[in-house]
Amino acid sequence: VQLQASGGGLVQAGGSLRLSCVSSGDTFSKYGMAWFRQAPGKEREFVAAISRSGGSTYYARSVKGRFTISRDNAKNTVYLQMNSLQSEDTAIYYCAADRDDVLTSTAGQYDYWGQGTQVTVSS
(Lines give C-alpha, C1' and ligand atoms only; values in the text may rest on other atoms or scores of the structure.)
Protein backbone atom coordinates (compact mmCIF):
# COMPACT_ATOMS: atom_id res chain seq x y z
CA VAL A 1 0.00 0.00 0.00
CA GLN A 2 1.29 3.44 -0.95
CA LEU A 3 -0.07 6.55 0.73
CA GLN A 4 0.40 10.03 -0.70
CA ALA A 5 -0.51 12.96 1.53
CA SER A 6 -1.03 16.48 0.26
CA GLY A 7 -2.74 19.76 1.08
CA GLY A 8 -0.37 21.20 3.65
CA GLY A 9 0.81 24.78 3.58
CA LEU A 10 1.15 28.04 5.44
CA VAL A 11 -1.99 29.47 7.04
CA GLN A 12 -2.74 32.16 9.57
CA ALA A 13 -4.06 31.32 13.01
CA GLY A 14 -7.80 30.85 12.86
CA GLY A 15 -7.67 29.66 9.28
CA SER A 16 -8.47 26.32 7.68
CA LEU A 17 -6.79 23.66 5.58
CA ARG A 18 -7.91 20.34 4.15
CA LEU A 19 -5.41 17.52 3.89
CA SER A 20 -5.87 14.61 1.53
CA CYS A 21 -4.25 11.19 1.44
CA VAL A 22 -4.63 8.99 -1.61
CA SER A 23 -4.07 5.27 -1.29
CA SER A 24 -2.95 2.83 -3.96
CA GLY A 25 -1.80 -0.76 -4.18
CA ASP A 26 -4.67 -2.48 -2.38
CA THR A 27 -8.40 -2.16 -1.76
CA PHE A 28 -8.73 1.06 0.22
CA SER A 29 -11.93 0.05 2.00
CA LYS A 30 -10.11 -2.83 3.73
CA TYR A 31 -8.17 -0.39 5.90
CA GLY A 32 -8.90 1.78 8.85
CA MET A 33 -7.17 5.12 8.36
CA ALA A 34 -5.67 7.74 10.61
CA TRP A 35 -3.77 10.99 10.71
CA PHE A 36 -0.79 11.59 12.97
CA ARG A 37 1.46 14.62 13.29
CA GLN A 38 4.96 15.42 14.44
CA ALA A 39 6.12 18.84 15.50
CA PRO A 40 9.82 19.78 15.60
CA GLY A 41 11.52 18.23 18.60
CA LYS A 42 8.44 16.29 19.62
CA GLU A 43 7.24 12.73 19.25
CA ARG A 44 4.69 11.73 16.66
CA GLU A 45 1.17 12.09 18.04
CA PHE A 46 -2.24 10.81 17.07
CA VAL A 47 -4.73 13.22 15.52
CA ALA A 48 -7.75 11.29 14.25
CA ALA A 49 -8.86 7.90 12.95
CA ILE A 50 -11.72 6.58 10.86
CA SER A 51 -13.06 3.08 10.36
CA ARG A 52 -13.13 1.18 7.06
CA SER A 53 -16.71 2.17 6.34
CA GLY A 54 -16.35 5.71 7.65
CA GLY A 55 -19.05 5.04 10.20
CA SER A 56 -16.81 5.49 13.24
CA THR A 57 -14.29 8.19 14.05
CA TYR A 58 -11.96 8.92 16.93
CA TYR A 59 -10.15 12.17 17.75
CA ALA A 60 -7.38 13.39 19.96
CA ARG A 61 -8.69 15.70 22.65
CA SER A 62 -6.56 18.56 21.33
CA VAL A 63 -8.33 18.63 17.96
CA LYS A 64 -11.85 17.46 18.77
CA GLY A 65 -14.40 19.98 17.58
CA ARG A 66 -11.89 21.67 15.23
CA PHE A 67 -10.78 18.83 12.94
CA THR A 68 -12.90 16.38 10.96
CA ILE A 69 -11.67 13.15 9.42
CA SER A 70 -13.61 11.65 6.52
CA ARG A 71 -13.07 9.25 3.65
CA ASP A 72 -14.29 8.55 0.16
CA ASN A 73 -13.76 4.88 -0.61
CA ALA A 74 -14.66 5.39 -4.25
CA LYS A 75 -11.74 7.84 -4.55
CA ASN A 76 -9.35 5.86 -2.29
CA THR A 77 -8.89 9.01 -0.26
CA VAL A 78 -9.00 10.04 3.38
CA TYR A 79 -9.33 13.69 4.35
CA LEU A 80 -8.58 15.85 7.34
CA GLN A 81 -10.49 19.11 7.49
CA MET A 82 -8.73 21.43 9.92
CA ASN A 83 -10.52 24.54 11.16
CA SER A 84 -9.63 27.17 13.75
CA LEU A 85 -5.97 26.34 13.33
CA GLN A 86 -3.57 27.34 16.08
CA SER A 87 0.20 27.70 16.17
CA GLU A 88 0.34 24.47 18.20
CA ASP A 89 -1.03 22.62 15.16
CA THR A 90 2.19 23.32 13.24
CA ALA A 91 3.66 19.93 12.33
CA ILE A 92 4.25 17.43 9.59
CA TYR A 93 1.02 15.48 9.13
CA TYR A 94 1.12 11.80 8.19
CA CYS A 95 -1.63 9.48 7.07
CA ALA A 96 -1.55 5.82 8.08
CA ALA A 97 -3.43 2.62 7.25
CA ASP A 98 -4.43 -0.23 9.58
CA ARG A 99 -5.33 -3.65 8.18
CA ASP A 100 -7.18 -4.58 11.36
CA ASP A 101 -9.40 -1.48 11.57
CA VAL A 102 -8.82 -1.15 15.31
CA LEU A 103 -9.51 2.63 15.42
CA THR A 104 -6.67 3.35 17.80
CA SER A 105 -4.28 6.15 18.67
CA THR A 106 -1.35 3.72 18.92
CA ALA A 107 1.07 4.36 16.07
CA GLY A 108 2.44 0.82 16.20
CA GLN A 109 -0.93 -0.58 15.13
CA TYR A 110 -0.66 1.04 11.71
CA ASP A 111 0.90 -0.94 8.90
CA TYR A 112 1.52 1.69 6.25
CA TRP A 113 2.50 5.34 6.37
CA GLY A 114 2.53 8.21 3.92
CA GLN A 115 5.44 10.60 3.48
CA GLY A 116 3.91 13.54 5.34
CA THR A 117 2.78 17.04 4.45
CA GLN A 118 3.90 20.17 6.27
CA VAL A 119 1.35 22.39 7.98
CA THR A 120 2.57 25.72 9.33
CA VAL A 121 0.27 28.03 11.28
CA SER A 122 1.47 31.58 11.77
CA SER A 123 0.26 33.57 14.76
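What you see is a predicted model, and the numbers here were worked out from it, not measured in a lab.

Examining the packing of aromatic side chains
Enumeration according to the criterion identifies 6 aromatic pairs in this entry. A ring pair is formed by phenylalanine 36 and tryptophan 113, whose centres lie 5.0 Å apart and whose planes are at 55 degrees; its orientation type is tilted. Of the two residues, phenylalanine 36 sits in strand 4 (residues 32-38) while tryptophan 113 sits in strand 10 (residues 112-113), which places them 77 residues apart along the sequence. Every member of this aromatic cluster is reached through a ring pair, and the members are Phe36, Phe46, Tyr58, Tyr110 and Trp113. We note arginine 44 situated over the ring of tyrosine 94; from NZ or CZ to the ring centre the distance is 4.0 Å. Taking the ring centre of tryptophan 113 as reference, the NZ or CZ of arginine 44 above it sits at 4.7 Å.

Points about the pairing of strand 8 (residues 77-82)
Of all 6 residues in strand 8, 5 are buried; the element is thus mostly enclosed. Summarising the sheet, strand 3 (residues 17-24) and strand 8 pair through 6 bridges and their orientation is antiparallel. If you follow valine 22 over to strand 8, its bridge partner there is threonine 77. Where strand 7 (residues 67-72) folds back onto strand 8 in an antiparallel hairpin, the turn is made up of 4 residues, including asparagine 76, whose phi is positive at roughly 55 degrees.

A look at the state of the cysteines
Across all of its chains, the model carries 1 disulfide by this definition. Paired through a disulfide, cysteine 21 and cysteine 95 show a sulfur-sulfur distance of 2.1 Å. Linking cysteine 21 and cysteine 95, the disulfide has an S-S dihedral of approximately 60 degrees and is accordingly described as right-handed. In this pair, cysteine 21 sits in strand 3 while cysteine 95 sits in strand 9 (residues 91-98), placing the two residues 74 residues apart along the sequence. This pair shows no difference in class: cysteine 21 is buried, exactly as cysteine 95 is.

Here we look at the side chain of threonine 77
Turning to its location among the elements, threonine 77 is positioned in strand 8. Here lysine 75 takes part through its backbone oxygen, which lies 2.7 Å from a polar atom of the side chain of threonine 77. Setting aside residues no more than four positions away along its own chain, threonine 77 makes contact with Ser20, Cys21, Val22, Phe28, Ser70, Arg71 and Asp72.

Quick look at the environment of glutamine 2
If you trace the backbone, glutamine 2 turns up in strand 1 (residues 2-6). C-alpha separation for the pair glutamine 2 and arginine 61, spaced 59 residues apart in sequence, amounts to 28 Å.

Quick word on the environment of valine 1
Within the element layout of this structure, valine 1 appears in the segment before strand 1. Judged by its relative accessible area of 21%, valine 1 is partly exposed. In the structure, valine 1 is positioned 87 residues away from glutamate 88 in sequence and 30 Å away in space, judged by C-alpha atoms. Aside from chain neighbours lying at most four places away, what touches valine 1 is Ser23, Ser24, Asp26, Tyr31 and Tyr112.

Quick notes on the rules
Residues numbered from 1 in each chain as written. Predicted model: local features only at pLDDT ≥ 70, side-chain atom pairs only at ≥ 80, totals over all residues. Heavy atoms only, no water. Phe/Tyr/Trp six-rings, centres within 6.5 Å; stacked < 30°, edge-to-face > 60°. Helix = DSSP H or I, 4+ residues; strand = E, 2+ residues; numbered from the N terminus. Lys NZ or Arg CZ within 6 Å of the ring centre and 35° of its normal. Buried < 20%, exposed > 50% of the residue type's maximum accessible area, 1.4 Å probe, protein only. Pairing = 2+ DSSP bridges. Disulfide = S-S within 2.5 Å. Polar contact = N/O pair within 3.5 Å; in protein donor to acceptor, adjacent residues only side chain to side chain. Contact = heavy atoms within 4.5 Å.

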